[in-house]
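Single-letter residue listing:
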Amino acid sequence: MTEFSLDDSSILVVIGSGASGAVVANSLAGRGVAVVCLEAGRRLGFGDIVNNEPEMFDKFTWLDERIGSGDALAQFPVWNCKTVGGTTMHWTATSLRLQPHEMQARTTYGEIEGTSLVDWPLKYEELAPYYDRAEDRMGVTGTNGIERLPGNNNYKVLAAGARKIGYEQINTNNIAINSGPRDGRPGCLQLGFCTSGCAVGAKWSTLYTEIPAAEATDYFELRTECMAVRINHDEKNRVTGVTYLDADGRLREQKARAVCIAGNVVETTRLLLNSHSRAFPHGLANSSGMVGKNYMRHVLAGVVGLMPGPVNLHRGTHQAGIVTDERGYDASRGFAGGILFLTVPFTPEVLARLLIPGAWGQRITSVLERYDHLAAMLVHGEDLPQESNFIGLHPDRRDQYGLPVPVVHYREHPNSRRLMQYALHQGRKIYESLGAAEVFDMVDVFPATHNMGTARMGKDPETSVCNRWGQTHDIENLFVSDGSVFPTAGCENPTLTIVALALRQADYVYKQINSNAI
Amino acid sequence: MKRRQFIADSVRLALGTRAAVSMSGMISPMALAGTIGKTFNDHEARTLFVLVHAMFPHRDLDDSYYLDVVAHLDTQTSASARFSGLIRTGIQTLDETAGGSWVDATPERKLQILTALQEEEFFGVILNRAIDVLYRNQEVLTRLGYQGSSIEFGGYLHRGFDDIGWLPE
């Protein structure tokens, strides 16, 4: 294993080993750039990945304290991972591109009161070649000649109901889960535990793709259980290193030539805000005051149908099922943004808690006893940016590292509620068209799994944190690599776009290093 | 684990058969279980047992699974003063509302009281703990139709992931 010296100031430090961090790190290490990757979590092996949702939840979820306010769940506002591979361990692998009009959201939707809608500082056409590369790299079904996955029972219910109510764009999704052996990984066995880490490695996760590939280069060192606490800079406002707590709780500093932050938005924001200095009193790279603002997630709700026959929704790939007829923008629906309908399974435990929150007695057991007859979907839609939604630091609460606890503040925009009501109505119709005895809406019960917007890209340094490459306006050798840079959210699950942007950023960083610009 | 099994087995042995549970609370397998528990007295154990059953009244679900919940609450109660206070205050509240012993009230009255108290903190805590214990037990899950871990069987690929037969063409 390659080991680099703490004093080596030629190192590119990447903070985080999830979708963006591991991709940036591997892309650059593969071209001979020395990379140290700091990962706060532990490294699991395949032997640690078991088919048990609560057990895996405890093993890799980010459980350090975070405080939700507004409409965010107070004690668990965000559901992501603290482990090597980051949230690619728990992601469902849906891999759809943003639509061109979604990257022109301000132009497309016009001015909407209370939002901070903008157009992206790059066009879809510029990102398209990186989407091509990302899809190939991740093995996205339905692209690059890769066969789609077969549909499970839950998909067949969704598809039949969707067709009955007139939808036509129905398939088993573009998904980064192998339908057959590819890239040294096996095909999907329909285990039914996608969000618990894929026990066979059919699902793309950086733990067993990008990370070992980077380690094979001699230019990459992964340091696990290392929590970045501060990014340091010099008088010329250049980043010089990253201070972190290592696995034994010792404070270290890794010198750096440049730093890429990939902490899945909440930690990215916290690190920038915590790295305040005399030159940056409100947080590093925050001369605009926009670090932490414009926090977006997605509109997310569940629809569960009690169907006339057995479904056994727990069997098979979670999200290999999608309806995209409502994905586009149609002003006549009365809201901005698009909607996806995606299959999802729930365990009896999750349903006992969330199907009818607080319910007890026969009201809930009568449904649980018909568990095999349940079908379920998620409705998933675009969330509009609002400057007033933010990630900040709690004034006095400290976590086990001694760091201020993050506060995640989110208030739903009325547009989101209109979108959700429409989506829930359509979702209900899908199951009712097949004779569902009862249909349940699961609303306001899920934590955010997608985080975006708190270091938005833009042309103007006064109103954005990063330029079109994710390079901070204030500090030329500091980059934000994760979903924080999204100016708007689109309605698609963000990971494919995060990976495409990370590949694009890596190309840019490589050129900058090669030309000694940074 | 051993202790929980012991409680369940003891109840069966004591009654010579599976304990019949009803909302009447008249049958008292918990009298024995309570004496085996670390902290609960008979009344507390019996109350919690009937309460948990009322929260999740599955047909044909063996008593032992509900006893597992009571055993879990017992362990938590002995480990935490705050938890103990919450549970015992809860039982007191039930009894006070019943004007005597909640567990000995009529089934209708018991449900009435639970409905009136369902927003209380103790109720939510016990509800959540009951979910933890009941719906993480694979035997219970199997009865409900959730088959659980599939990796050891090669997943559901050849075990019915797409075997639905009733959908219209």
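Here's a quick rundown of the structure. Keep in mind that this is a model prediction, so the values were computed, not measured.

### Some points on the overall build of chain B
Then step 1. Looking only at helices and strands, chain B has eight helices and zero strands in total.
Then step 2. The linear arrangement of helices and strands in chain B, starting from the amino end, is α-α-α-α-α-α-α-α.
Then step 3. Evaluated residue by residue, chain B yields a buried proportion of 37% over its 169 residues.
Then step 4. In chain B, 56% of the contacts between residues at least 6 apart in sequence involve partners at least 24 apart.

### Focus: the sheet that holds strand β8 (residues 251-255) of chain A
All names here are of chain A.
Then step 1. Strands sit in the order β6-β7-β8 across an open sheet of three strands; the sheet is antiparallel. The open sheet has two edge strands, β6 (227-233) and β8, and neither has a second partner. On average, each strand axis in the sheet is tilted by 25 degrees relative to the strand beside it, whichever way the strands run.
Then step 2. Sheet topology places strand β7 (residues 239-245) next to β8; five bridges connect them, and they run antiparallel.

### Observations regarding the interface of chain B and chain A
Then step 1. Residue-level contacts link 32 residues of chain B with 37 residues of chain A.
Then step 2. Mapped onto the side of chain B that touches chain A, the elements with two or more residues apiece are α3 (42-55), α7 (121-134) and α8 (138-144) of chain B.

### Comments concerning the pairing of β7(A)
Residues and elements named next belong to chain A.
Then step 1. Among the seven residues in β7, five count as buried, and that is most of the element.
Then step 2. With six bridges joining them, β6 and β7 adopt antiparallel strand pairing. When the bridges of β7 are listed, Met227 appears paired with Leu245.
Then step 3. The hairpin turn running from β6 into β7, its antiparallel successor, is five residues long, and Asn237 in that turn takes a positive phi close to 60 degrees.

### Side note on the packing of helix α4 (residues 63-79) of chain B against helix α5 (residues 81-98) of chain B
Residues and elements named next belong to chain B.
Then step 1. Packing of α4 against α5 leaves a shortest axis separation of 5 Å and a crossing angle of 125 degrees. Relative to α5, the element α4 is oriented oblique. Here α4 contributes Leu73, Gln76 and Thr77 to the contact with α5, which in turn contributes Phe83, Ser84 and Ile87.
Then step 2. Across the contact of α4 with α5, the residue classes tally to three nonpolar, three polar and no charged.

### Details of helix α5 (residues 153-164) of chain A
Residue and element names in this part refer to chain A.
Then step 1. The first and last C-alpha atoms of α5 sit 17 Å apart over twelve residues, in line with the 16 Å expected at 1.5 Å per residue.
Then step 2. Turning to α5, its buried residues are Asn153, Asn154, Tyr155, Val157, Leu158, Ala159, Gly161 and Ala162.
Then step 3. Phi turns positive one or two residues past the end of α5, at Gly166, with a value near 100 degrees.

### Focus: the environment of Gln169(A)
Then step 1. Its location among the elements puts Gln169(A) in the loop between α5 and β4 (170-171).
Then step 2. Apart from residues no more than four positions distant in its own chain, Gln169(A) is found in contact with Val323(A), Thr324(A) and Asp325(A).

### Quick notes on the packing of α5(B) against α7(B)
Residues and elements named next belong to chain B.
Then step 1. As a packed pair, α5 and α7 sit with axes 9 Å apart at the nearest point and diverge in direction by 115 degrees. At the point where α5 passes α7, the crossing takes the left-handed sense. Contacts from Leu86, Ile87, Thr89, Gly90 and Thr93 of α5 reach α7 at Glu121, Phe122, Phe123, Val125 and Ile126.
Then step 2. For the contact of α5 with α7, the per-class residue count stands at six nonpolar, three polar and one charged.

### With respect to the environment of Pro121(A)
Residue and element names in this part refer to chain A.
Then step 1. Within the element layout of this structure, Pro121 appears in the loop between α3 (105-109) and α4 (124-138).
Then step 2. The sequence separation of Pro121 and Met457 amounts to 336 residues, and the corresponding C-alpha distance is 6.8 Å.
Then step 3. Pro121 has contacts with Met457, Gly458, Lys459 and Arg468, leaving out every residue within four places of it along the chain.

What counts as what
- Residues numbered from 1 in each chain as written.
- Chains lettered and ligands numbered in written order.
- Predicted model: local features only at pLDDT ≥ 70, side-chain atom pairs only at ≥ 80, totals over all residues.
- Helix = DSSP H or I, 4+ residues; strand = E, 2+ residues; numbered from the N terminus.
- Buried ≥ 20, exposed ≤ 12 C-beta atoms within 10 Å, placed from the backbone.
- Contact = placed C-beta atoms within 7 Å.
- Pairing = 2+ DSSP bridges.
- Axes fitted to C-alpha atoms, helices over the stretch in contact; angles between N-to-C directions.
- Parallel < 35°, antiparallel > 145°, perpendicular 65-115°, else oblique.
- Nonpolar A, V, L, I, M, F, W, Y, C, P; charged D, E, K, R; others polar.
- Expected span 1.5 Å × (residues − 1).
- Left-handed = near helix turned anticlockwise from the far one by under 90°.

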